[in-house]
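# Structure assessment
So the chains spell out like this:
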Amino acid sequence: MQFERLKQHICDMILEEQLKLGYREETVRLYYLLPSLNRLLGTEADMPQMHFLLQEFAGYAAPDLGMIGIRSLADGRIGFVLPPEAGRYVKDKEKSPQAQFLREFLDVISRHGAGIDDITAVFEKWSDRVHVEHTPQGDFDYLVYFEDGDPDAYRYCITQEGPHLSYHRFTTEDYAAEFMS
């Protein structure tokens, strides 16, 4: 079981929220679909099995993230209720290369008039192994990621909407399941 991978993903989501909205001492709620949790954990659990595994995960992550509440929801999602300790734990790591990259990425993508060349420049500042793919027939316009996963292993799906850019960020496995099947 890959508990550390799920913990890192939760921390990454909290970090993204903190960089967008600022740090606040608050409870955070995150929601996952069962297939995404199975991919993160390397399991093939059904909903009752996953709920059991996540109770074990909550104990594993408690020293860093605090007491996590786990809720199975009617629509096939699983909710995580993360106490303020989780936000403090993530805030303490905001100087990491991944956090610095994400901060620069968010600064550029939120800028009015920014284009794909501006996004590519941020990625290329952090690595010379950047994949940029124009995908005009898909659900987005560009796929951008670090080929070696350093400093960030996510797949960024960028859409140009007039003078604005928007993005969705996927794990490698979720991207493959969503767009390559």
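Residues numbered from 1 in each chain as written. Predicted model: local features only at pLDDT ≥ 70, side-chain atom pairs only at ≥ 80, totals over all residues. Heavy atoms only, no water.

Before going further, it helps to examine the nonpolar core. Considering soluble globular proteins, one finds that nonpolar side chains tend to be buried as a cluster. Ranked by size, the top nonpolar core spans 50 residues in total, and within it Leu6, Ile10, Leu54, Phe80, Phe105 and Ile158 carry the most contacts. Among all residues touching Leu54, those that are not within four sequence positions of it are Leu6, Leu37, Leu41, Ile70, Ile78 and Phe80. Membership of the second largest hydrophobic core comes to 6 residues, among which are Phe140, Leu143, Phe170 and Tyr175. (Core = buried A, V, L, I, M, F, W, Y, C linked by side-chain atoms within 4.5 Å. Buried < 20%, exposed > 50% of the residue type's maximum accessible area, 1.4 Å probe, protein only. Contact = heavy atoms within 4.5 Å.)

The subject of this paragraph is the side chain of Arg155. The topology assignment puts Arg155 in strand β6 (residues 155-161). Here Arg155 occupies a buried position and makes no salt bridge, while the nearest side chain of opposite charge, Asp152, is found at 7.4 Å. For Arg155, the residues in contact, after removing those within four places along its chain, are Leu143, Val144, Tyr145, Phe146, His168, Arg169, Phe170, Thr171, Thr172 and Tyr175. (Helix = DSSP H or I, 4+ residues; strand = E, 2+ residues; numbered from the N terminus. Lys, Arg positive; Asp, Glu negative; His and termini not counted. Salt bridge = Lys/Arg side-chain N within 4 Å of Asp/Glu carboxyl O.)

Here we come to the environment of Phe101. By secondary structure assignment, the location of Phe101 is in helix α5 (residues 97-109). Along the sequence, Phe101 and Phe57 sit 44 residues apart, while their C-alpha atoms lie 28 Å from each other. Beyond its immediate chain neighbours, meaning those up to four positions away, Phe101 contacts Val122, Phe123, Trp126, Phe146, Pro151, Asp152 and Tyr156.

This part is about helix α3 (residues 47-65). The first and last C-alpha atoms of α3 sit only 23 Å apart over 19 residues, clearly below the 27 Å expected at 1.5 Å per residue. At Gly59, α3 shows its largest kink, close to 35°, and the proline Pro63 lies no more than four residues downstream. Those residues of α3 that fall on the buried side of the exposure criterion are Met50, Leu53, Leu54, Phe57, Ala58, Ala61 and Leu65. Elements that come into contact with the buried residues of α3 comprise α1 (3-21), α2 (34-41), β2 (69-72), β3 (77-82) and α4 (84-91). Residue Gly66 follows α3 closely and has a positive phi angle near 85°. (Expected span 1.5 Å × (residues − 1). Bend = angle between axes of the 7 residues up to and from the residue.)

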